[in-house]
Amino acid sequence: YVSRATSHVLAIFKRALEMTIHYHCFDINPTEKAIQMAGRNLLVSFAYPSRVELAHQIGQSVMLDNGAFTIWRQGKDIRWSEYYAWADKWLDCSTTWAIIPDVIDGGEDHQDKLIADWPWSRQQSAPVWHTDESYQRLARLVEFWPRVCIGSSAKHRIGSSIWRRTMDGAFNFICGSSTRTPYLHGLRMQGVSSEYPFASVDSADIARNNNRPQNTIPKMVDRWDKIQPRSFRWDIKPEQRELLA
């Protein structure tokens, strides 16, 4: 058993030693192409689970995505008990972690209920805070969980002006009184990973676009993995600090 204080110390220490980790969606076919991702950090979604065994054979670490965004976009329902059963086997691997079930635009009470139902420890799990939720909820999650994912609501398109204002506010709120940036994972935020001090991010770019004539998997993954934030410490301007007082 690891105490909350110890887990946070370990997370901070780990965060200080690493660059931003890029998790790449591993929904890649055929197998000959997929194995070109060997040694990388891989994401396997419950919506596209067929590559999960290969990911654990060749990946440096594996992130299990609950598939909420894909399921929401397709207008489908999900039985979370099936996700539990799928994730359970792979969480035996110490370098694998899973996103706790969440619902796009589901409301804070619903999200908190899904977290309360999650059966596994904090060390290999991460709840999701959405950009339509309160900063107070984000702070509570950061306080309790060593890793927290940030996801975008339907009205907040990644990279839009309203999304950036919301993200700036989130980092201002949680970093305003802290000397260390917590471990935050940006869901589908690899394209903005140079702008915010994320510990890790993910993207489906390689899985979706590797068949284009100008692209090769090695070149794509090398380009993405080299992108790092300008600073791992969030800089709050003096006028913004006054608003947080």
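Residues numbered from 1 in each chain as written. Predicted model: local features only at pLDDT ≥ 70, side-chain atom pairs only at ≥ 80, totals over all residues. Heavy atoms only, no water.

Asks: Can you lay out the pairing of strand S1 (residues 21-25) for me, pointing to particular residues and giving the numbers?
Replies: Across the 5 residues of S1, 5 count as buried, placing the element largely inside the fold. Residues of S1 alternate between two faces, with Ile21, Tyr23 and Cys25 on one and His22 and His24 on the opposite face, all of them buried. Pairing analysis gives 4 bridges linking S1 to strand S9 (residues 200-203), with the strands arranged parallel. Residue pairing across strands places Tyr23 opposite Asp202, the latter belonging to S9. (Buried < 20%, exposed > 50% of the residue type's maximum accessible area, 1.4 Å probe, protein only. Helix = DSSP H or I, 4+ residues; strand = E, 2+ residues; numbered from the N terminus. Pairing = 2+ DSSP bridges.)

Asks: Talk me through the environment of Trp145; I want residue IDs and the actual numbers.
Replies: Its location among the elements puts Trp145 in the loop between helix H7 (135-144) and strand S7 (148-151). The exposure class of Trp145 is buried, given its relative accessible area of 9%. Residues Trp145 and Gln123, 22 residues apart in the sequence, show an inter-C-alpha distance of 8.0 Å.

Asks: Hey, could you go over the packing of helix H6 (residues 108-117) against H7 for me, with residue numbers and the actual values?
Replies: The N-to-C vectors of H6 and H7 enclose an angle of 15 degrees; their axes lie 12 Å apart at closest approach. Considering the angle they form, H6 stands roughly parallel to H7. Judged by the twist between their axes, the crossing of H6 over H7 is right-handed. For the pair H6 and H7, the contacting residues are Glu108, Gln111, Asp112 and Ile115 in the first and Arg137, Arg140 and Leu141 in the second. Here the contact of H6 with H7 is built from residues that sort into 2 nonpolar, 1 polar and 4 charged. (Axes fitted to C-alpha atoms, helices over the stretch in contact; angles between N-to-C directions. Parallel < 35°, antiparallel > 145°, perpendicular 65-115°, else oblique. Left-handed = near helix turned anticlockwise from the far one by under 90°. Contact = heavy atoms within 4.5 Å. Nonpolar A, V, L, I, M, F, W, Y, C, P; charged D, E, K, R; others polar.)

Asks: Before we move on, can you summarise the pattern of salt bridges with the specific residues and values?
Replies: Within the structure shown, the criterion is met by 8 salt bridges. With its nearest N and O atoms 2.5 Å apart, the salt bridge here joins Asp222 to Arg40. Of this pair, Asp222 sits in helix H10 (residues 217-225) while Arg40 sits in the loop between helix H2 (31-34) and strand S2 (41-45); the two residues are 182 residues apart in sequence, bridging distant segments of the chain. In this structure Asp222 comes out as partly exposed when scored by relative accessible area, which is 33%. Here Asp112 and Arg137 are joined by a salt bridge, their closest N and O atoms 2.8 Å apart. Linking Asp112 in helix H6 with Arg137 in helix H7, this pair joins segments that are 25 residues apart in sequence. Residue classification places Arg137 among the buried residues on the basis of a relative accessible area of 1%. (Salt bridge = Lys/Arg side-chain N within 4 Å of Asp/Glu carboxyl O.)

Asks: Please provide a residue-by-residue account of the sheet that holds strand S3 (residues 61-65), values included.
Replies: Strands sit in the order S5-S4-S3-S2-S1-S9-S8-S7-S6 across an open sheet of 9 strands; the sheet is parallel. Every other strand in the sheet has two partners, leaving strand S5 (125-126) and strand S6 (128-130) as the edge strands with one partner each.

Asks: Would you mind going over the packing of aromatic side chains in detail, with residue names and values included?
Replies: All chains considered together, the criterion is met by 18 aromatic pairs. Their ring planes at 55 degrees and their centres at 6.1 Å tell us that Tyr196 and Phe198 sit as a pair that is tilted. Take Tyr196 and Phe198: they sit in the same class, and that class is buried. Connected via pairs of aromatic rings, a cluster forms that spans Phe46, Trp80, Tyr83, Tyr84, Trp86, Trp118 and Trp120. Note that Arg147 overlies the ring of Trp97, its terminal NZ or CZ placed 4.2 Å from the centroid. (Phe/Tyr/Trp six-rings, centres within 6.5 Å; stacked < 30°, edge-to-face > 60°. Lys NZ or Arg CZ within 6 Å of the ring centre and 35° of its normal.)

Asks: I'd like to hear about H10, residue by residue, with values.
Replies: Of the positions making up H10, those classed as buried are Ile217, Met220, Val221 and Trp224. Around the axis of H10, the buried residues are gathered within 90 degrees of arc, so they sit on the same side. Contacts made by the buried residues of H10 are with S1, H2 and helix H9 (205-209). (Arc of directions from axis to C-beta.)

Read these as spatial facts, not as claims about activity.
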